[in-house]
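Remarks on the overall topology
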Amino acid sequence: MNSAGHSEATARRGLELTPFRGLRYHPDRVSTLAAVTSPPYDVVVRPDGVHHLQSADPHNIVRLILPQATTPAERNAQAARTLRRWLSEGVLTADPEPGLYVYEQRDGDGLLQRGIIGALRLSEPSEGVVLPHEDVMPHVVADRAALMRATCANLEPLLLTYRGAASASVTAEVVERTAEDSPLLATTTEDGFRHRLWSITDPADLDHIRSDLARHQALIADGHHRWATYRRLRAEHPSPSPWDFGLVLLVDTVRYPLRVRAIHRLLHDLPVADAVAAVEGLFRVRRLDVPLPQALKALADAACEGNAFLLAGDGAFHLMDRPDPALLSRTVPAEQPAAWRTLDATVLHATLLAEVWHIPEDDPTRIAYIHDPAATVEKAERDGGTAVLMHPVREEVVRDLARQGVTMPRKSTSFGPKPASGLVLRMLDQ
């Protein structure tokens, strides 16, 4: 048995995905479905992205996932008021019966991804059912927990992956058969992705999916902070309760492999000249006067040989590679597996941020985490900071470390495509 099969077979219990009454926008009460969707809360580049989404439609989901007010308490109270108002006005309506939801995404380059949205029973990391692979920032978990308490809702699904059977499984058969029917909704968002959603309510299909998924474990691809939030809120509510479950999208990556991209850093108070000067003699640094695509290609080539980073913000790119081995041995914890010690994210956090640049990784006034490289560079150039562009980690490295119980530094990966927020929500007080 391979490592994946052994790990899944020895889990104390597998995935338990349950139906729920999805809360969805009434198409007659909004301009378009595309105009009320949003990327996940942590992908929206603030504040520009929030303002853009708010102006798309007065009912855009960003008003719930990223409410705007002067204090955190007022932001959360505002989101709760907005949600209740939309419910009372019929802007959001609950589906008539509980179900699971098949969700499909397509782009113009031939990518097709399908998965199932449902309410997943929460579990502890020690159970080996849902595997995290990144650390979380406590202040982000606290922020998401306060919002979820106020709204009593799962406003957007996490993205989880599992490894189904190489041949067609029962779940895959139900998903593919369901996708042949007319969808509940279909829309194309401004990023060019086409989204379709179907419901599965047939008791036999639900039983088959439940039995099949009970033999599997999942990897958190996107949503570590929200998963930690789910677990924190479950501990606050006596079981059994709706808080024992959290909204997720499960994707079988045997059938639908995800894209893995990097998450980049923006260092607010560190000019590029100072960042480069601090690493002189510790890394090889080369200035690249080329466009962003060529700079990222140079980064990818350098990353094949070892740790490499791309600094930007002063109108050029600075490729850092070949770190001093003595520096790494002094700053990178030796007790972790070699695959963890050699991660670019490990070297960035343990060596560059902590020891060279002296920037706390969890201080939002000093560092921001941005998914789009062009947006990261643009903000660095506008604000006088430093963009640190990263090369993505391979999925097999992420999964292998997760199975060993080793968490990667926070914001190490960006799996995608991510589910659009606003297509289906879950209320916890229905």
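Residues numbered from 1 in each chain as written. Predicted model: local features only at pLDDT ≥ 70, side-chain atom pairs only at ≥ 80, totals over all residues. Heavy atoms only, no water.

Some points on the overall build of the chain
Helix and strand counts for the chain come out as 15 helices and 21 strands. The C-alpha radius of gyration of the chain comes to 22 Å, within 12% of the 22 Å expected for a compact globule of 430 residues. If you line up the chain on its principal axes, its C-alpha atoms span 65 × 55 × 45 Å. Here the chain, with 430 residues, has 56% of them falling under the buried criterion. Contacts in the chain between residues far apart in sequence, at least 24 positions, make up 80% of those at least 6 positions apart. Entry remark: accessible area of the chain is about 17800 Å², with carbon and sulfur atoms responsible for 52%. Positive and negative side-chain charges in the chain, numbering 47 and 56 respectively, have mean positions lying 2 Å apart. (Helix = DSSP H or I, 4+ residues; strand = E, 2+ residues; numbered from the N terminus. Rg over C-alpha atoms; globule rule 2.2 N^0.38 Å. Buried < 20%, exposed > 50% of the residue type's maximum accessible area, 1.4 Å probe, protein only. Contact = heavy atoms within 4.5 Å. Areas by Shrake-Rupley, 256 points an atom, 1.4 Å probe, with all protein chains shown as cover. Lys, Arg positive; Asp, Glu negative; His and termini not counted. Charge placed at Lys NZ, Arg CZ, Asp CG, Glu CD.)

Considerations on the packing of aromatic side chains
With the rule as written, the count across this model stands at four aromatic pairs. Between F283 and F309, the aromatic rings sit 6.2 Å apart at their centres with planes inclined by 70°, giving edge-to-face as the arrangement. Placement of F283 in the loop between α9 (272–279) and β15 (284–288) and of F309 in strand β16 (residues 308–312) is noted, with a sequence separation of 26 residues between them. Accessibility expressed as a relative area gives 0% for F309, which makes it buried. (Phe/Tyr/Trp six-rings, centres within 6.5 Å; stacked < 30°, edge-to-face > 60°.)

Comments concerning the environment of T71
The residue T71 is located in the loop between α3 (62–65) and α4 (72–88) in this model. In this structure the side chain of T71 is engaged in a polar contact, spanning 3.1 Å, whose partner is the backbone nitrogen of E74. (Polar contact = N/O pair within 3.5 Å; in protein donor to acceptor, adjacent residues only side chain to side chain.)

Section: the sheet that holds strand β18 (residues 367–370)
Read across the open sheet, the six strands follow the order β15-β17-β16-β19-β14-β18; overall the sheet is antiparallel. Edge positions in the sheet fall to β15 and β18, since each of these pairs with one other strand and no more. Looking at each pair of strands side by side, their axes are set apart by 25° on average, direction ignored. Two strands pair when backbone bridges link them, and β15 and strand β17 (residues 317–321) are joined in this way by five bridges, in the antiparallel orientation. The partner of R287 across the bridge, within β17, is H318. Contacts from helix α10 (residues 292–303) reach β15, β16, β17 and β19 (386–389) within the one sheet, and its direction differs from that of β16 by about 155°. Its contacts with the sheet place helix α14 (residues 373–383) against β14 (264–267), β16, β17, β18 and β19, and it is angled at close to 160° to β19. (Pairing = 2+ DSSP bridges. Axes fitted to C-alpha atoms, helices over the stretch in contact; angles between N-to-C directions.)

Brief notes about the layout of surface pockets
Of the pockets and cavities examined, the largest pocket occupies roughly 1300 Å³. Those elements that place two or more of their residues in the lining of the largest pocket are α2 (48–56), β13 (259–261), α10, α14 and β20 (414–416). Of the residues belonging to the lining of the largest pocket, the class tally is 23 nonpolar, 13 polar and 13 charged. (1 Å grid on protein atoms, 1.4 Å probe; cavity = no way out; pocket = protein on both sides within 12 Å on 5 of 7 lines; lining within 4 Å. Points joined across faces, edges and corners; volume = space filled by probe spheres on them. Nonpolar A, V, L, I, M, F, W, Y, C, P; charged D, E, K, R; others polar.)

Thoughts on the confidence of the model for the chain
Counting all residues, the mean pLDDT for the chain is 93, and 97% of those residues have values of 70 or more. Overall, residues 1–11 carries pLDDT values under 50, and its contacts beyond four positions in sequence, including any with other chains, amount to twelve contacts. (pLDDT = per-residue confidence, 0-100.)

Focus on the packing of helix α5 (residues 138–151) against helix α8 (residues 224–236)
Relative to each other, α5 and α8 sit at 60°, their axes nearing to 9 Å. Between α5 and α8, the angle falls in the class oblique. In this structure, α5 crosses over α8, and the sense of that crossing is right-handed. The residues of α8 that touch α5, namely those facing V140, V141, A142, R144, A145, M148 and R149, are H225, R226, A228, T229, Y230, R232, L233 and E236. Its residues assigned to classes, the contact of α5 with α8 comprises eight nonpolar, two polar and five charged. (Parallel < 35°, antiparallel > 145°, perpendicular 65-115°, else oblique. Left-handed = near helix turned anticlockwise from the far one by under 90°.)

Topic: α5
It helps to recall that an α-helix has 3.6 residues per turn; residues three or four apart then point in one direction. Look at α5: 20 Å from first C-alpha to last across 14 residues, which is about the 20 Å you get at 1.5 Å a residue. Those residues of α5 that fall on the buried side of the exposure criterion are V140, V141, R144, A145, L147, M148 and T151. One face of α5 carries all of its buried residues, which in axial projection span an arc of 165°. As for α5, its buried residues are in contact with α3, α4, β7 (153–154), α8 and β21 (426–427). (Expected span 1.5 Å × (residues − 1). Arc of directions from axis to C-beta.)

Regarding the pairing of strand β10 (residues 194–200)
Looking down a regular strand, the side chains alternate between one sheet face and the other. In the sheet, strand β4 (residues 100–106) pairs with β10 via seven bridges, with the strands oriented antiparallel. Paired with L100 across the strands is I200, a residue of β10. Where strand β9 (residues 185–188) lies against β10, four bridges are found, and the strand directions are antiparallel. Counted as the bridge partner of T188 is R194 from β10. In textbook terms, the turn of a hairpin is the stretch between consecutive antiparallel strands, and for β9 and β10 this stretch comprises five residues, one of which, G192, has a positive phi near 90°.

A closer look at helix α13 (residues 344–356)
For α13, which comprises 13 residues, the first-to-last C-alpha distance of 15 Å sits more than 12% below the rise-based estimate of 18 Å (1.5 Å per residue). With eleven of 13 residues buried, α13 lies mostly within the body of the structure. Along α13, the residues classified as buried are D344, A345, T346, V347, L348, H349, A350, T351, L352, L353 and V356.

Brief notes about unusual backbone geometry
In this model, S239 is joined to P240 through a cis peptide bond whose omega is 0°. Position of P240 among the secondary structure elements: in the loop between α8 and β12 (245–252). Positive phi is not limited to glycine here, since C152 has a value of about 55°. Looking at the secondary structure, you find C152 in the loop between α5 and β7. For H358, which is not glycine, the phi torsion reads 55° and is therefore positive. Counting through the fold element by element, H358 comes out in the loop between α13 and β18. In this structure H358 comes out as exposed when scored by relative accessible area, which is 54%.

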